[in-house]
Amino acid sequence: MLLIHCPYCEETLPEAEFAYAGEAHIARPADPSTLSDEEWRDFLFIRTNARGTHFERWRHIHGCGRFFNAARDTVSDRFLTTYKAGKARPDLSAVKEAAE
Amino acid sequence: MSRYRITGRGRVDHGATVSFTFDGKTYQGLRGDTVASALLANGVHLMGRSFKYHRPRGVVTAGSEEPNALIGTTRGPGRFEPNTRATVQELRKGLVTESQNKWPRLSFDLGAINDRAYMLFSAGFYYKTFMWPKSFWDKVYEPFIRNAAGLGKSPTEVDPDRYASRNLHTDLLIVGGGAAGIAAALVAARSGARVVLVDENPEMGGALLSDPAVKIEGQGAWAWLDDKLSELRALGVRLMTRTTAIGYYHQNFVALCERLTDHLDTPPANAPRERMWHVRANQVVLAQGALEKPLVYDGNDRPGVMLAGAAQTYLNRYGVRVGDNVAVLTSHDSAYHAAFDLADAGSRIAAVIDTRRDIRTDLLDAAKQRGIEVLRGHSATGTKGRLRIKSVRVNPVQGDKVGASREISCDALLMSGGWTPSLHLFSHTKGSLSWDADSNTFLPDRKTEACHIAGAGRGLWGYAAVLEDGVKAGLAAVEALSRTAQPRDLPVENDRPGTGVSHTELPTDRSPGKAKAFVDYQNDVTAKDLRLAVREGMRSIEHVKRYTTNGMATDQGKMSNINGLMIAADALAKQPPQVGLTTFRPPYTPTSFGAFAGYLRGETFQLTRKTPIDPWAEAHGAVFEPVAQWRRAWYFPKAGEDMHAAVARECRATRASAGIFDASTLGKIEVAGPDAVEFMNRMYTNPWTRLAAGRCRYGLLLGEDGFIRDDGVIGRLSDDLFHVTTTTGGAARVLNMMEDYLQTEWPDLNVWLTSTTEQWATVALNGPNARKVLEPLVEGLDLSDDRFPHMSVAECTVAGLPARLFRLSFTGELGFEINVPARHGLKLWEALMESGRAHDICPYGTETMHVLRAEKGYIIVGQDTDGTVTPQDAGLTWAIGQKKPDFVGKRSLSRPDIVGKGRKQLVGLLTEDGSQLEEGAQIVLDPHQSLPMKMVGHVTSSYASATLGHPIAMAVIEGGHDRMGEVVHVPMPDGVRRARVTSTVFYDPEGARLKA
Ligand SMILES: [Zn+2]
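Residues numbered from 1 in each chain as written. Chains lettered and ligands numbered in written order. Predicted model: local features only at pLDDT ≥ 70, side-chain atom pairs only at ≥ 80, totals over all residues. Heavy atoms only, no water.

Peer 1: Would you mind showing me how to read the overall build of chain A here?
Peer 2: Summing up its helical and strand segments, chain A has two helices and six strands in all. Seen along its three principal axes, the alpha-carbon backbone of chain A occupies a region of about 40 × 30 × 20 Å. Put simply, 44% of the contacts in chain A that link residues at least 6 apart link residues at least 24 apart. For chain A, the exposed area adds up to about 5700 Å²; of that, 49% sits on carbon and sulfur atoms. Charged side chains in chain A number 13 positive and 16 negative. The centres of these two groups are separated by 3 Å. (Helix = DSSP H or I, 4+ residues; strand = E, 2+ residues; numbered from the N terminus. Contact = heavy atoms within 4.5 Å. Areas by Shrake-Rupley, 256 points an atom, 1.4 Å probe, with all protein chains shown as cover. Lys, Arg positive; Asp, Glu negative; His and termini not counted. Charge placed at Lys NZ, Arg CZ, Asp CG, Glu CD.)

So, in structure tokens, the structure goes:
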């Protein structure tokens, strides 16, 4: 069971308190009606499926209830960092160096 | 006592006899014995038959890696367990055991014919033998496989035992209570760190228990052990025996299975049988030692052939000599000590057969002193003896030349092919391994977790080296914990260091094609099978493994993996690391399902949610059904009524006068705030802006893909407050979805979401007399149709209780839903029952609710929809706010595949013969087409309708909305039904009854 750091509670807690919520940084288009069928398809269904660093969303569902973002390595399953929803992708070079 | 037991020797209690049975015969053992040691003390080596060939097999090991001696054990009614390793099961009074895979009996087994039919079972037989002809499958192959497959018999009864689980947080977890683990604990415990030391055996000590002659810090090994374990206890170390670390997961999460009662004569009542520990450790030391490898040669599986280390354990720990006339076959120094110990205990050593030419002189001298013949540079090329070894055939080997054979009689043959570090847990962490060419073994390399590997587990041999390494690991762990500890010197006398070499199959002068040289005993895989797999094109070790099943038995190849790899690499003419090792997976040893389930079984498997009105339903004879986590009243049978009769009566009573229904399980979410209406507009398909306070509306929720996710009636209590209801099972999902959009897409909206499902008890009152039942109880509200019309909501007082009152209907009758604070739910129900007595009020359950709604064509999300149904498909286009610029899922409603022709659409179905269709039944257009028929849809809902006097059904059918009046066909086992496509509204299509 992974340990996950909730950036709102500022605590590292067992995975059982959290729920996965898909890939991060996929914003809902401001006006979907202006999108072509292909653009809308991509928004709905096309995901990165990264091998390595993956930006994804989690919800502290049995805690504070907040959605937040995480960078996680899909090979090792390890969390590189977590950050609040709405924040930009963090610079991971420092995190990755520390992990090695 | 039998002549194989040496009085006073070992760690067993010679004063305490314990009797048990094996295959119906009673034997005597001693307290502290395992089933295996007790049988060996009685001269019994034959303990089972092999899986595929039903060859007679004896015990090979003295530990949890045992592949052969698998037995069934019985601990009383319902407590039968197959595949228990006789080497692990401790003796207890009255233990009943039996051998496996034999018919009719262990000494004479008809299945052994498989042994002659070797060709049928060689590598890849699963893929080859049973392929053709097709007609053989049902009659020949499958019964044969079912009969032959599987180890042991599955228990047939529910396990009556209890199992427990616990969490444990610690600074340091040490796995393995041998010399290295104890040394690490000694150092770490003094630093003040919290230390847990676990071992799968009944006592700590590991190999030291089998090597009492070794001296540490000037003390005999066993005295030293007693001393150090007391020291550890005094320092507060948690010592856990009979506890197997079965899996090593992320971030130093280790699962331990502790066996609590299987060794007890009379377990305490209600004591858990096993306990699963979920350990989170800051640091882990793996000190799991090494496992001895067999040598691979023809007939290496006869009863009486076992590992040298095992024989040494039986002698020194249990006081049991494994034979009178023992031959030893080895490629490693360690086997000499087994030979010497047995010779000193009175067994004759027929010979030590060493595959090596250069042997340490001190070992040769010690053999000479005891009069033991040592054959250098020899191979074993065969064995004899049906149910017990009688002799071993040996040949000198000079380069490629195998010399003349010689027969050596013996009643036991000990073998040692060297030792494999036990790195299973390390492999669970995806830690990488590197090949060590000197020792022909894999050693731990790159770590992924905060762990330290010590002792024989990383290829060290000899107690001095292992203890020193344990101290080092303990110090490293302490340092990582930012604590300080002192190094400790643990000097060793009479140490037993050693080295060895590895082999593929031993060379032979006979045809290798005829040799039955076993690599994997448990799955009956031979060296020949591995070579055949390579010849037939398998290149990766993962393919070789699956093709031959080498290492795929319950022991996960603890004994066979390295031998298998050496042979496969040789056949491929590659170096072992280029061929690679298969992956070990948890659990380390077979683990009972009970231990995994723990408390989560029976009533505690999942919580049962009950409404405040549930006690009334129970007291009034309701039959319940589970709906999501809730238990809901299904119907209320009267004396002599079956479900059909009860539901028909409940339906008629509701349509005729008044019915009452506990709707408390409905999901409820309060959407509040200045932007609540904007939020509702964006989430739901319907327009909300112009819905006045005091009015309610059916709401439809889609996913962004345009498919229906949920629905429910939503009331607007004031400009900034909505009372949203969801389906019973969908409440948590809908709230999660709302939170997701609110938090991440529209954080600018000023809205609060609150789950109120359990705050309100909800009672639905339906029927032409519903108003008459309710009216006398209501204060502060005029219930007349003009003042409180259909789809109204108001706050008022009902039966003296603060209430949110909805006028709505899920039955097509005049209907109300009364919400009161949950704690008053039962009071409200009873008041309505009392008030309804004059109108023959009838309580009804979920089944009647389903029938009544289906008669009106109201859908149930998740029954009439399946996640691929759009509002258009379901005939709910009217619920879409066409003028709204956007809402969740709107853009998808114009996706080409959603506006395209031929989508499955929801329709009604009436059978021509008046029979009732089965829910889930498939629909075809032409029943005469050839098989497989093209299915165009399926029945989603089907009920007998007492109101209409005939059954009704709903279905999704391709292009269904354009097929009104057409006949479709429903093929069933007893014939094809003809059904006419209709509207989904079967009753009161004008809706006149709603507006009463
Ligand atoms: Zn949180």
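Still more to cover.
Peer 1: What is the right way to look at the environment of B:G498 in this model?
Peer 2: All names here are of chain B. When you line up the elements, G498 lands in the loop between β32 (492-493) and β33 (518-520). The exposure class assigned to G498 is buried, which follows from its relative accessible area of 12%. Spatially, the C-alpha atoms of G498 and V778 are 93 Å apart, while their sequence positions differ by 280 residues. Not counting residues within four places of it along the chain, the set of residues in contact with G498 comprises H332, D333, R360 and W461. (Buried < 20%, exposed > 50% of the residue type's maximum accessible area, 1.4 Å probe, protein only.)

Peer 1: Please clarify how the environment of A:R47 should be interpreted in this entry.
Peer 2: Residue and element names in this part refer to chain A. When you line up the elements, R47 lands in the loop between α1 (37-45) and β4 (53-59). Along the primary structure R47 and E10 are separated by 37 residues, whereas in three dimensions their C-alpha atoms are 29 Å apart. Among all residues touching R47, those that are not within four sequence positions of it are E23, I26 and D42. In terms of polar contacts, R47 uses its side chain to reach the backbone carbonyl oxygen of L44, at 3.3 Å. (Polar contact = N/O pair within 3.5 Å; in protein donor to acceptor, adjacent residues only side chain to side chain.)

Peer 1: Explain the nonpolar core to me, please; I cannot follow it from the model alone.
Peer 2: Buried together is how nonpolar side chains tend to be arranged in soluble globular proteins. All names here are of chain B. Core analysis: the biggest nonpolar cluster contains 76 residues, and F20, Y297, M306, Y314, I353, V392 and L414 have the highest contact counts within it. Those residues within four positions of L414 in sequence are excluded, and the remaining contacts are M306, A308, A311, V322, V326, A327, V328, L329, A338 and L342. With 40 residues, the next largest nonpolar core counts A189, L208, W224 and V478 among its residues. (Core = buried A, V, L, I, M, F, W, Y, C linked by side-chain atoms within 4.5 Å.)

Peer 1: How do you make sense of the pattern of salt bridges when you look at a structure like this?
Peer 2: Tallying each qualifying case throughout the model produces 66 salt bridges over all chains. A salt bridge links A:R72 to A:D77, with the nearest nitrogen and oxygen atoms 3.5 Å apart. Accessibility expressed as a relative area gives 13% for A:R72, which makes it buried. Judged by its relative accessible area of 23%, A:D77 is partly exposed. Across the pair B:D333 and B:R360 runs a salt bridge, and its minimum N-O distance is 3.2 Å. Residue B:D333 is found in the loop between β20 (325-330) and α8 (334-344), and its partner B:R360 is found in the loop between β21 (348-354) and α9 (361-369); the two are separated by 27 residues along the sequence. Residues joined by salt bridges that share partners form a network here, namely B:R75, B:R79, B:E81, B:D161, B:D262 and B:R273. (Salt bridge = Lys/Arg side-chain N within 4 Å of Asp/Glu carboxyl O.)

Peer 1: Before we go on, may I ask you to explain the sheet that holds β20(B) in this structure?
Peer 2: Strand-to-strand pairing in sheets goes through backbone hydrogen bonds, with the strands running parallel or antiparallel. Residues and elements named next belong to chain B. Pairing in this open sheet of five strands is parallel, and the strands run β19-β27-β20-β21-β22 from one edge to the other. Of all strands in the sheet, those with a lone pairing partner are β19 (305-307) and β22 (374-375), marking the two edges. Two strands pair when backbone bridges link them, and β20 and strand β27 (residues 412-416) are joined in this way by five bridges, in the parallel orientation. Across the sheet, residue V328 finds its bridge partner in β27, namely L414. Packed onto the sheet, α8 meets β20, β21, β22 and β27 and runs at close to 170° relative to β21. (Pairing = 2+ DSSP bridges. Axes fitted to C-alpha atoms, helices over the stretch in contact; angles between N-to-C directions.)

Peer 1: Would you mind showing me how to read the sheet that holds strand β3 (residues 19-23) of chain A here?
Peer 2: Residue and element names in this part refer to chain A. Spatially, the four strands line up as an open sheet ordered β3-β4-β5-β6, and their pairing is antiparallel. Two strands lie at the open edges of the sheet, namely β3 and β6 (79-84), each paired on one side alone. Neighbour-to-neighbour, the strand axes of the sheet open up by a mean angle of 30°, direction not taken into account. Relative to strand β5 (residues 67-73), β4 is paired through seven bridges, and the arrangement is antiparallel.

Peer 1: What am I meant to see in unusual backbone geometry here?
Peer 2: Most peptide bonds adopt trans geometry, and most residues besides glycine take a negative phi value. Residues and elements named next belong to chain B. Residue P586 is joined to P587 through a cis peptide bond whose omega torsion reads -5°. As for its position among the elements, P587 is in the loop between α15 (576-579) and α16 (593-597). One non-glycine residue, D524, lies in the positive phi region at around 55°. Inspection of the secondary structure puts D524 in the loop between β33 and β34 (525-526). Despite not being glycine, T549 shows a phi value in the positive range, around 65°. Tracing the backbone through its elements, the reader meets T549 in the loop between α13 (541-548) and α14 (561-572). The class of T549 is buried, set by a relative accessible area of 10%.

Peer 1: What am I meant to see in the pairing of strand β46 (residues 801-807) of chain B here?
Peer 2: Within a regular beta strand, the side chains point alternately toward one face of the sheet and then the other, so they alternate between its two faces. Residue and element names in this part refer to chain B. Of all seven residues in β46, six are buried; the element is thus mostly enclosed. As paired elements, strand β45 (residues 792-798) and β46 share seven bridges and run antiparallel to each other. By the bridge assignment, A794 is partnered in β46 with L805. Counting the residues that bridge the hairpin from β45 to β46 gives two residues, and of these A799 lies at a positive phi of roughly 55°. Where β46 meets strand β47 (residues 815-821), four bridges bridge the pair, whose relative direction is antiparallel. Bridging across to β47, R804 finds its partner in N819.

Peer 1: Looking at this structure, I do not really get helix α7 (residues 308-318) of chain B. What am I missing?
Peer 2: Since there are 3.6 residues in each turn of an α-helix, residues three or four apart along the chain are aligned in direction. Residues and elements named next belong to chain B. By the criterion of burial, α7 is predominantly enclosed, with eleven of the eleven residues buried. Of the positions making up α7, those classed as buried are A308, G309, A310, A311, Q312, T313, Y314, L315, N316, R317 and Y318. Two residues or fewer past α7, G319 is found with a positive phi of approximately 70°.

Peer 1: So what exactly am I meant to see when it comes to α8(B) here?
Peer 2: Residue and element names in this part refer to chain B. With nine of eleven residues buried, α8 is to be regarded as a mostly interior element. Listed in full, the buried residues belonging to α8 are S334, A335, Y336, H337, A338, A339, F340, D341 and L342. Where α8 ends, the next residue or the one after it, G346, has phi of about 105°, a positive value.

Peer 1: Honestly, the interface of chain B and chain A in this entry has me stumped. Any pointers?
Peer 2: How big an interface is tends to be stated in terms of the accessible area lost upon association of its parts. Counting from both sides, the interface comprises 27 residues of chain B and, opposite them, 27 residues of chain A. Taking both sides of the interface into account, the surface hidden between chain B and chain A amounts to around 2200 Å²; carbon and sulfur atoms contribute 45%. In terms of surface lost to chain A, no three residues of chain B exceed B:H250, B:Q743 and B:R891, which account for 28% of the buried area on that side. There are five salt bridges connecting chain B and chain A. The shortest N-O distance in the salt bridge between A:R28 and B:E704 comes to 2.2 Å. Linking chain B to chain A there are 18 residue pairs in polar contact (both at pLDDT 80 or more). Ranked by residues supplied to the side of chain B that touches chain A, first place goes to helix α20 (residues 731-745) of chain B with seven residues. The residue makeup of the side of chain B that touches chain A, split by class, is seven nonpolar, nine polar and eleven charged. (Buried area = accessible area lost by both parts, 1.4 Å probe. Nonpolar A, V, L, I, M, F, W, Y, C, P; charged D, E, K, R; others polar.)

Peer 1: Would you explain the coordination of the zinc ion in this entry?
Peer 2: Six octahedral donors at a metal ideally form angles of 90 or 180 degrees, and four tetrahedral donors ideally form angles of 109.5 degrees. All names here are of chain A. The zinc ion binds to the protein through C6 (SG), C9 (SG), H60 (ND1) and C64 (SG), with metal-donor distances spanning 2.0 to 2.3 Å. Bound by four donor atoms, the zinc ion shows angles of 105 to 115° at the metal and therefore tetrahedral coordination geometry. The motif formed by the donor residues of the zinc ion, counted along the single chain, is C-x2-C-x50-H-x3-C. Of the two residues, C9 sits in the loop between β1 (3-6) and β2 (11-14) while C64 sits in the loop between β4 and β5, which places them 55 residues apart along the sequence. What makes C9 partly exposed here is its relative accessible area of 30%. (Donors = N, O, S within 2.8 Å, 3.2 Å for Na, K, Ca; no water. Tetrahedral: all angles 85-135°; square planar, octahedral: opposite > 155°, others 65-115°.)

Peer 1: Whenever I open this one, the packing of aromatic side chains confuses me. Can you help?
Peer 2: For any two aromatic rings, the description comes down to two numbers: the centre-to-centre distance and the angle of the planes. If you walk through the whole model with that rule in mind, you get 21 aromatic pairs over all chains. Ring centres 4.7 Å apart and planes at 35° place the aromatic pair B:W419 and B:W461 in the tilted group. Pair noted here: B:W419 is in strand β28 (residues 419-421) and B:W461 is in the loop between β31 (451-453) and α11 (463-480), with a separation of 42 residues, a long-range link. Look at B:W419 and you get partly exposed, because its relative accessible area is 21%. Relative to B:F722, the ring of B:W688 lies with its centre 6.1 Å away and its plane at 85°, an arrangement referred to as edge-to-face. Taken together, the residues B:W688 in the loop between α19 (676-683) and β39 (695-702) and B:F722 in strand β41 (residues 721-726) connect sequence positions 34 residues apart. Of the two residues examined, B:W688 and B:F722, each falls in the buried class. Of the aromatic side chains, those joined through ring pairs into one cluster are A:Y20, A:W58 and A:F79. B:R11 extends its terminal NZ or CZ atom over the ring of B:W222, reaching a point 4.6 Å from the ring centre. Sitting above the plane of the B:F624 ring, B:R631 keeps its charged end 3.7 Å from the centroid. (Phe/Tyr/Trp six-rings, centres within 6.5 Å; stacked < 30°, edge-to-face > 60°. Lys NZ or Arg CZ within 6 Å of the ring centre and 35° of its normal.)

In short, geometric facts, not functional conclusions.
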